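Given next are the chains, with one letter for each unit.
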Amino acid sequence: MAFKKIVQKILTGGINLLAPSDLLPPDGGECSKNWRVDTFGNLRSRDGMTVVMESLDEHVHTLVLVSGESAGSKRRYAGAGMRLFQASGENSATEAKRDAITGDFATFSGSQLGVVSYDGLLWAMDQLKQGRDDGSLYGTYWHADDGALGSFYPWLPKPPNAVPGVTQTTGTLGGAVKYYVTYDTAEGRESNPTTVGGLITPSGEITDAVASFGVVLSGIPVSPNPEVDKRHIYREGGMLPAPYRVWTINDNATTSWTDDGSVTDSMAVEDGYLMEEDHDPAPAAQVLAGPYNNRLIAGCSALHPNRMWWTPATKPWYFRGSTSDAEGDWLDVGELNEETVAFSLRPRMVIIYKEHSIWRLVGDLDDGILEQTNSDTGLIGRKAWYSEGGYDYFQGKEGVYRFDGDHAVKISERVDPIFKGWQSGSTDVNPVRPIDQEIRKFACMAIKHGRLYFSYPEAGAGT
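Computed from a predicted model, the values in this text were never measured in an experiment.

Participant: Whenever I open this one, the confidence of the model for the protein chain confuses me. Can you help?
Facilitator: It should be kept in mind that the predicted coordinates are not to be read in detail where pLDDT is low. When pLDDT is averaged across the protein chain, the result is 86; 82% of the residues are at 70 or more. Ranking the elements of the protein chain by mean pLDDT puts strand β1 (residues 35-37) last with 65 and strand β20 (residues 307-310) first with 98. Ignoring residues within four places in sequence, the model shows residues 139-144, a span with pLDDT below 50, making 22 contacts including any to other chains.

Following this line, the structure appears as structure tokens:
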């Protein structure tokens, strides 16, 4: 009968501080408060810190540094409470980001945000709100109530929610035609076509089997999104087997246009702007990572905690099939109710951390191979991991582990008492307190100068 030998170690409940920090064994640990002991026994303080934000009256749960479009430009953001803040650069003050459409403060769930710096923008993911910020401290929108300006935009413009009216006039069209409208921005982030009740909806069909005709479109919808600076008109029918773009209104104000057929069916096909219907919104997810092969990856919504979604390559502003359970650019990983906690991006591989297991997707997202690794543990918190030198270091239920892409090895045996709810260093006047099991998911991890740092909140100290 096969068996597995299990070793039960007896823990002492203390931390050895005799060895200088530089000479600690690979699996060793130390307890220090703003200082450490070097090889010669000298006390060394931690690196100095500069205040980059102030006036945050909530517990900070998210920090991110964003690279701007110009060389060397950087922006700092902090998620605190239910708001997102940006350092203004002026006396370290902060600005709470406002919604670009309403002018009100952008409000999130209060959980750790999924954040990515990509294409000069901050992309933020939360189950309550998703969007992006271009770093404008004063935005482009004037709010009538309080004069506030907003710069936090939706992931992409919402599609028009009303169809234009159509009436017949003179022209050279024939057969039967109908129309669609989309919104577009200066950056080319085009919305889905006219949507009513969640369904792609064309204008009313005009048919004349005898004479040629033209069409007057009236009540063409305008967008409340200040980014929208143009609207595209697509026509279907006649000799067009599918909707092709026949006109662009280069403003967000004009509400009528006459199609007299001067843009013929053959001209529309030659231009080649076939209407796309898969520019779907970002999912209401909690985890965000990227870029991976120039894509952004999202995971863990309330309805689908085990699902991961991804954007098309070089087009991070939409998720194909994000609103569908039948098809799309998404994948369900492992058990249905086991949350996806984080994504670690490697060359040609995505590590998918879940609550009780670790998976990997090898290759590109569209045609890669999904495999479960040989790890028998999972990740405890969204920020409780760090990647460096071909390894991931993460917090599991029993301690801190090193992961090579297939196996997880525990490296925190010297400080195991704090993970088991025990007090470590009992003779110290200020002992190391155990990790509070209720809030350990808010722990964070980082590596600097080859040293692994693991931080966790104390009970009652906030998150």
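Right, picking up where we left off after that structure.
Participant: What's the story with the packing of aromatic side chains in this structure? I'm lost.
Facilitator: With the rule as written, the count across this model stands at 12 aromatic pairs. Taking the centre distance of 5.8 Å and the plane angle of 55 degrees together, the rings of Trp155 and Phe319 count as tilted. Of this pair, Trp155 sits in the loop between β10 (152-154) and β11 (165-185) while Phe319 sits in the loop between β20 and β21 (330-332), and the two are 164 residues apart along the sequence. Residue Trp155 shares its accessibility class with Phe319, and that shared class is buried. Plain terms: the ring middles of Phe394 and Tyr401 are 5.4 Å apart, the flat faces sit at 15 degrees to each other, and that makes the pair stacked. Of the residues examined, Phe394 reaches a relative accessible area of 0% and is grouped as buried. Feature note: the residues Tyr353, Trp385, Phe394, Tyr401 and Phe403 constitute an aromatic cluster, connected by ring pairs. Looking at Arg83, its charged tip hangs above the ring of Phe105, at a distance of 3.9 Å from the centre. Above the plane of the ring of Phe105 lies Arg98, whose end atom (NZ or CZ) is 3.9 Å from the centre.

Participant: Honestly, unusual backbone geometry in this entry has me stumped. Any pointers?
Facilitator: Glycine aside, residues mostly have negative phi, and peptide bonds are mostly found in the trans state. The amide bond that connects Gly290 to the next residue, Pro291, takes the cis arrangement and shows omega of -5 degrees. Along the chain, Pro291 falls in strand β18 (residues 285-292). A positive phi angle is found at Thr314, which is not glycine, with a value near 65 degrees. Mapped onto the fold, Thr314 is located in the loop between β20 and β21. Residue class for Thr314 comes out partly exposed when judged on its relative accessible area of 48%.

Participant: Sorry, what's going on with the sheet that holds strand β25 (residues 369-372) here?
Facilitator: Sheet strands pair by backbone hydrogen bonding; their relative direction is either parallel or antiparallel. Read across the sheet, 4 strands follow the order β22-β23-β24-β25 without closing on themselves; strand pairing throughout is antiparallel. Only two strands of the sheet have a single partner each, and these edge strands are β22 (340-346) and β25. Mean inter-strand twist for the sheet, computed between neighbouring axes without regard to direction, equals 20 degrees. Pairing geometry for strand β23 (residues 349-354) and strand β24 (residues 358-362), over 5 bridges, is antiparallel. Within β24, the residue paired with Met349 across the bridge is Val362.

Participant: What exactly am I supposed to notice about the pattern of salt bridges here?
Facilitator: Once their charged atoms are close, side chains differing in charge can pair, the charge on each being opposite to the other. Using the criterion set out here, one finds 20 salt bridges in the structure. The closest approach of N and O atoms between Asp133 and Lys97, which form a salt bridge, is 3.4 Å. Taken together, the residues Asp133 in strand β9 (residues 131-133) and Lys97 in the loop between β6 (94-96) and β7 (114-118) connect sequence positions 36 residues apart. Accessibility classification places Asp133 together with Lys97 in one group, the buried group. Here Asp259 makes a salt bridge to Arg235, at a shortest N to O gap of 2.8 Å. Of this pair, Asp259 sits in strand β17 (residues 257-259) while Arg235 sits in strand β15 (residues 228-237), placing them 24 residues apart in sequence. Comparing Asp259 with Arg235, the two get one shared label, buried. Salt bridges here are not isolated pairs; linked through shared partners, they connect Arg132, Glu187, Arg189 and Glu227.

Participant: What should I look at first to understand the sheet that holds β17 in this one?
Facilitator: Strand order in this open sheet of 5 strands is β16-β15-β11-β14-β17, and the pairing throughout is antiparallel. Only two strands of the sheet have a single neighbouring strand rather than two, namely β16 (240-249) and β17. Direction aside, the axes of adjacent strands within the sheet are offset by 30 degrees on average. With 9 bridges connecting them, β11 and strand β14 (residues 206-218) associate as antiparallel partners. Bridge assignment links Gly165 to a residue of β14, and that residue is Ser218.

Cut-offs applied
- Residues numbered from 1 in each chain as written.
- Predicted model: local features only at pLDDT ≥ 70, side-chain atom pairs only at ≥ 80, totals over all residues.
- Heavy atoms only, no water.
- pLDDT = per-residue confidence, 0-100.
- Helix = DSSP H or I, 4+ residues; strand = E, 2+ residues; numbered from the N terminus.
- Contact = heavy atoms within 4.5 Å.
- Phe/Tyr/Trp six-rings, centres within 6.5 Å; stacked < 30°, edge-to-face > 60°.
- Buried < 20%, exposed > 50% of the residue type's maximum accessible area, 1.4 Å probe, protein only.
- Lys NZ or Arg CZ within 6 Å of the ring centre and 35° of its normal.
- Pairing = 2+ DSSP bridges.
- Axes fitted to C-alpha atoms, helices over the stretch in contact; angles between N-to-C directions.
- Salt bridge = Lys/Arg side-chain N within 4 Å of Asp/Glu carboxyl O.

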